[in-house]
Amino acid sequence: MITDSANEPGNVGPDHLAQEFRASVARGGDQPAYVFLDQDLEPSAVLSFAELGDAVETLARRLSETLAPGDRVLLAFHNDPDAVLLFWACVLVGVIPVPAPAPEPRNALRLSGMAQDAGVALGLASASHVGAAREHIATIPWTTAASVLSPNPQPFARLAGPVSYTHLRAHETWLTI
């Protein structure tokens, strides 16, 4: 049974996950929400709930200026803070995040297929991967989190077409509420 944050049975609508995220941020304060580990399993970055909430709300406001609820966004990242921030920003504005591996030549065909099948409106990648993404998956517009936050974000053309599926990597935990 799915329950709301007060543990009472309730209907789960499209805003439920956004509400749960905001409630977790409010409860968590300065406690760590995410700890990112380097290859030696040492912390490389820590996001508190307060930092997470502030950054996600800012990104969400900017995404809502360009994207409409229901749009799909390909989030092609290694596991890093930008991936988490953009995932939650998408959730807050009703955009459907489509997590994917970082754009590299070895997975270009897979990413291209995911983008086409999901009918994504935009691809987001790290600054170090956005060039490869644009080169290998030129069928969609690509940008970075930094570009989304820039004073003059670049507009992009929307793709048309039906959605076949949204791919989520089950072996990764995106929800820590």
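Structure: see above.
On a predicted model such as this, the values are computed, not experimentally measured, just so you know.

1. Here's the deal with the overall build of the protein
Point 1. Looking only at helices and strands, the protein has six helices and six strands in total.
Point 2. In sequence order, the protein lays out its α and β elements as α-β-β-α-β-α-β-α-β-α-β-α.
Point 3. Burial status across the protein gives 42% buried among its 177 residues.
Point 4. Counting only contacts in the protein whose residues sit at least 6 apart along the sequence, the fraction spanning at least 24 positions is 64%.
Point 5. Accessible surface computed for the protein: about 9,700 Å², of which carbon and sulfur atoms make up 53%.

2. A few points about the packing of helix α1 (residues 16-28) against helix α3 (residues 81-93)
Point 1. Put simply, α1 and α3 touch, their axes get as near as 8 Å, and they point 125 degrees apart. The angle between α1 and α3 falls in the class oblique. At the point where α1 passes α3, the crossing takes the left-handed sense. Between α1, through Leu17, Ala18, Phe21 and Arg22, and α3, the contact on the second element is made entirely by Trp88, Val91 and Leu92.
Point 2. For the contact of α1 with α3, the residue count by class is six nonpolar, no polar and one charged.

3. Topic: the packing of helix α2 (residues 49-64) against α3
Point 1. Between α2 and α3, whose axes approach to 8 Å, the crossing angle comes to 60 degrees. It follows that α2 is oblique to α3 by the angle criterion. Once α2 is placed against α3, the crossing between them reads as right-handed. The residues of α3 that touch α2, namely those facing Leu52, Ala55, Val56, Glu57, Leu59, Ala60, Leu63 and Ser64, are Val84, Leu85, Leu86, Trp88, Ala89, Cys90, Leu92 and Val93.

4. With respect to the sheet that holds strand β4 (residues 96-100)
Point 1. Taken in spatial order, the four strands of this open sheet run β4-β3-β5-β6, and their pairing is parallel. Edge positions in the sheet fall to β4 and β6 (142-143), since each has one partner strand and no second.
Point 2. Pairing between strand β3 (residues 72-76) and strand β5 (residues 122-125): four bridges, direction parallel. Residue pairing in the sheet places alanine 76 in a bridge with alanine 125 of β5.
Point 3. The strands touched by α3 are β3, β4 and β5; relative to β3, the strand with the most contacts, the crossing angle is about 170 degrees.
Point 4. Where helix α4 (residues 108-118) meets the sheet, its contacts fall on β3 and β4, and the angle it forms with β4 comes to roughly 165 degrees.

5. With respect to the pattern of salt bridges
Point 1. Applying the stated criterion across every chain yields a total of three salt bridges.
Point 2. Between glutamate 57 and arginine 22 there is a salt bridge; the shortest N-O distance is 2.7 Å. Pair noted here: glutamate 57 is in helix α2 and arginine 22 is in helix α1, with a separation of 35 residues, a long-range link.
Point 3. For glutamate 57, a relative accessible area of 23% corresponds to the partly exposed category.

Calculation notes
Residues numbered from 1 in each chain as written. Predicted model: local features only at pLDDT ≥ 70, side-chain atom pairs only at ≥ 80, totals over all residues. Heavy atoms only, no water. Helix = DSSP H or I, 4+ residues; strand = E, 2+ residues; numbered from the N terminus. Buried < 20%, exposed > 50% of the residue type's maximum accessible area, 1.4 Å probe, protein only. Contact = heavy atoms within 4.5 Å. Areas by Shrake-Rupley, 256 points an atom, 1.4 Å probe, with all protein chains shown as cover. Axes fitted to C-alpha atoms, helices over the stretch in contact; angles between N-to-C directions. Parallel < 35°, antiparallel > 145°, perpendicular 65-115°, else oblique. Left-handed = near helix turned anticlockwise from the far one by under 90°. Nonpolar A, V, L, I, M, F, W, Y, C, P; charged D, E, K, R; others polar. Pairing = 2+ DSSP bridges. Salt bridge = Lys/Arg side-chain N within 4 Å of Asp/Glu carboxyl O.

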